[in-house]
Amino acid sequence: MVGRKPKGVPAGSSRHSAMPQDAAPDAAEARTQSGGNGSDYLIRHTTLRQLQLLEAIVRLGSFTRAAEELFLTQPTVSMQIKKLSEAIGAPLFRHVGRTIEPTDAGREVHAACRDILSTLSNLEIKLADLKGLKRGRLRLGVLTTAKYVAPEILGAFCRVYPGIDVSLKVTNREHILERLMGHDDDLYVMGQPREANDQIETIPFAPNPLVIVASAEHPLAGERSIPLQALAEESFILRESGSGIRDAVLAHFAAAGLTPRVRMQLGSNEAIKRAIVGGLGIAALSLHSLTLESGGGRLALLDVEGFPIMRRWHLVYSKGRELSLVARTFLNFAIDYEPEIRARLAEAEANFDGMRDRLSARSHST
Ligand code: PGA
């Protein structure tokens, strides 16, 4: 992720102040006078907050995004990195075109930061575990499709464990994978990571069917066994790049030697539903995003050959971080909750089937 975004380079003077070319001579001297124990010098001249900042900048490839993530201003970030750089005695970042990347020294400091921050985080978990489940914190990262059920599971969990603070990050597949690699959350609800990875644990969770959605007014809404070929002639609304749904639907068309006619791209399932109702086209969506509409609204599921694409969510966590007692308890809670999610899906599917029958009967009687 390093050096990914040009926008991360701080504006104006911070560009230089954050990256001193030479350390102050007195600092350099003090370092060599530390009796051979360099870490003593660093303990006195660096702060954990500075290390946390450096870790975030390297991970996000941007001063701006690190400032946003840690709720700091950009000048504060630049100033702290300048101080860290002086304490280390070498520049930590360099400009490559319009992006930044860590210098060799920056990379070494980053590797050490990750160890230190991960040790502290594990310590936090152990201390919380000592206090049991009365207090604690749960950070959950979920796919956009799981946002339709995650709050409900969290709500039920918090009723049983009211002392737990929870945070929920909802984003697309690409960003969930980044968060997983950055150890940003305790647990994730996501699809199957594509490459085998022995650093992560994946536990199969609820089904996540991908269906084709059209306006209830659409001529195909009452049809049965629509060939995929017929969809290739429709205007398609596609999710943004980085979305798992987008990749799955494009791969499905490609496997049949087809390409959908993309009318527009939208970064939100909710916006896509609105666009469908607005007559802008049809789209592939997770059935989870439609459970509220299944009672007979303005959206219909098309009965397309090869659909639904049956996918599955997984509960995923990184083996590199110890799973806290809170996270372990939530994991088991979510697994016990799964039958409710399945029942909701089955009900939505049955409702949409009933709607199709009604639409079909109506079109055959006219
Ligand atoms: P997306 O994920 O938000 O990345 O499209 C949804 C999914 O794969 O279910």
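Residues numbered from 1 in each chain as written. Predicted model: local features only at pLDDT ≥ 70, side-chain atom pairs only at ≥ 80, totals over all residues. Heavy atoms only, no water.

**Q** Can you break down the environment of Leu-117 residue by residue, with the values?
**A** With respect to the helices, strands and loops of the structure, Leu-117 is situated in helix 7 (residues 104-130). In the structure, Leu-117 is positioned 62 residues away from Glu-55 in sequence and 8.9 Å away in space, judged by C-alpha atoms. (Helix = DSSP H or I, 4+ residues; strand = E, 2+ residues; numbered from the N terminus.)

**Q** Account for the site of the ligand, naming residues and giving values.
**A** Inspection of the region around the ligand gives Leu-143, Thr-144, Thr-145, Asn-172, Arg-173, Asn-208, Arg-239, Ser-243, Gly-244, Ile-245 and Arg-311 as its neighbouring residues. Take Arg-173: an N or O atom from its main chain is 2.7 Å from an oxygen atom of the ligand. Here Ser-243 contributes a side-chain N or O atom positioned 2.7 Å from an oxygen atom of the ligand. If the ligand stood free it would expose 280 Å²; the protein chains cover 97% of that surface. Of the residues in the shell around the ligand, the class split is two nonpolar, six polar and three charged. (Near = heavy atom within 4 Å. Polar contact = N/O pair within 3.5 Å; in protein donor to acceptor, adjacent residues only side chain to side chain. Areas by Shrake-Rupley, 256 points an atom, 1.4 Å probe, with all protein chains shown as cover. Nonpolar A, V, L, I, M, F, W, Y, C, P; charged D, E, K, R; others polar.)

**Q** Can you explain the pattern of salt bridges? Please cite residues and give values.
**A** Under the criterion given, the structure shown has 17 salt bridges. Salt-bridge contacts for Glu-69 lead to Arg-59; the nearest nitrogen and oxygen are separated by 2.8 Å. Of the two residues, Glu-69 is situated in helix 5 (residues 63-69) and Arg-59 in helix 4 (residues 48-60); the sequence distance between them amounts to ten residues. The exposure class of Glu-69 is partly exposed, given its relative accessible area of 31%. Given the relative accessible area of 13%, Arg-59 is considered buried. (Salt bridge = Lys/Arg side-chain N within 4 Å of Asp/Glu carboxyl O. Buried < 20%, exposed > 50% of the residue type's maximum accessible area, 1.4 Å probe, protein only.)

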